[in-house]
Amino acid sequence: MEKGQEAVESEADRNFRESLAMFSDEISAHRYLERVLWPDGVCCPRCGDGGKVGELNGVSTRIGTYKCYKCRKIFSVLHGTLMSASHVPAHKWLQAMWLTEGGAKPMRAYHLARILNVSFKTASSMMRRIVEATRPASSCIESAGATRSQSTSRSADRMAARLTT
């Protein structure tokens with residue numbers, strides 16, 4: 001192997017490690033998600049109010065937990081994302097998204113499990129969620145072979161009518 005090629009590979013390895021270090025712990029992952037999802041500041045996902053929101057910093061409170069004092073609900077930056085209702089830490093989710101380029105780059109679950117230090121089953125579940133999140137909604141329905149019920153088609157018709165008016 002030539003010296004120039006070794007230098008390029010070591011540079012690529014260094015960039016790889018630096019990128020994964022960006023999401024090395026839970027706090028940095030939550031701060032990154034807050035910057036991306038809430039560029040204008042924290043906003044309640046239920047009522048949309050951003051003025052009466054406070055961060056909860058108790059001993060038993062999870063990282064990144066907020067309370068809206070208008071609707072009196074507790075929420076976090078993970079609320080409504082593919083990472084919600086998951087026991088996998090947010091920094092591992094972000095590392096998995098970065099490694100797979102948001103589901104565009106194929107990667108075997110075995111390799112993802114080894115890199116993230118999670119079980120094969122967890123890595124498979126993460127890969128499935130990431131790929132499903134990037135797939136358009138119509139192809140998800142078609143691939144599952146599901147047919148829409150009457151109530152679903154009525155609500156879709158109402159939504160289409162709202163969009164056209």
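Details of the structure are given in the entry above.
Residues numbered from 1 in each chain as written. Predicted model: local features only at pLDDT ≥ 70, side-chain atom pairs only at ≥ 80, totals over all residues. Heavy atoms only, no water.

Observations regarding the pattern of salt bridges
When the charged atoms of two side chains with opposite charge come close together, those side chains can pair. Applying the stated rule across the entire model yields three salt bridges. Residue Arg31 pairs with Glu55 through a salt bridge whose shortest N-O separation is 3.7 Å. Taken together, the residues span a long stretch of sequence, with Arg31 in helix H2 (residues 26–37) and Glu55 in strand S1 (residues 53–55) at a distance of 24 residues. Overlapping salt bridges, with partners in common, bring together Arg31, Glu34 and Glu55 in one network. (Salt bridge = Lys/Arg side-chain N within 4 Å of Asp/Glu carboxyl O. Helix = DSSP H or I, 4+ residues; strand = E, 2+ residues; numbered from the N terminus.)

Here we look at the side chain of Gln95
Among the structural elements, Gln95 can be located in helix H3 (residues 90–99). The class for Gln95 is buried, based on a relative accessible area of 12%. (Buried < 20%, exposed > 50% of the residue type's maximum accessible area, 1.4 Å probe, protein only.)

Brief notes about H2
Here H2 spans 16 Å end to end across twelve residues, near enough to the 16 Å set by a 1.5 Å rise per residue. Every buried residue of H2 is listed here: Glu26, Ala29, His30, Leu33 and Glu34. Along the long axis of H2, the arc covered by the buried residues comes to 135°, so they all point the same way. Looking at the buried positions of H2, the neighbouring elements they touch are strand S2 (65–68) and H3. (Expected span 1.5 Å × (residues − 1). Arc of directions from axis to C-beta. Contact = heavy atoms within 4.5 Å.)

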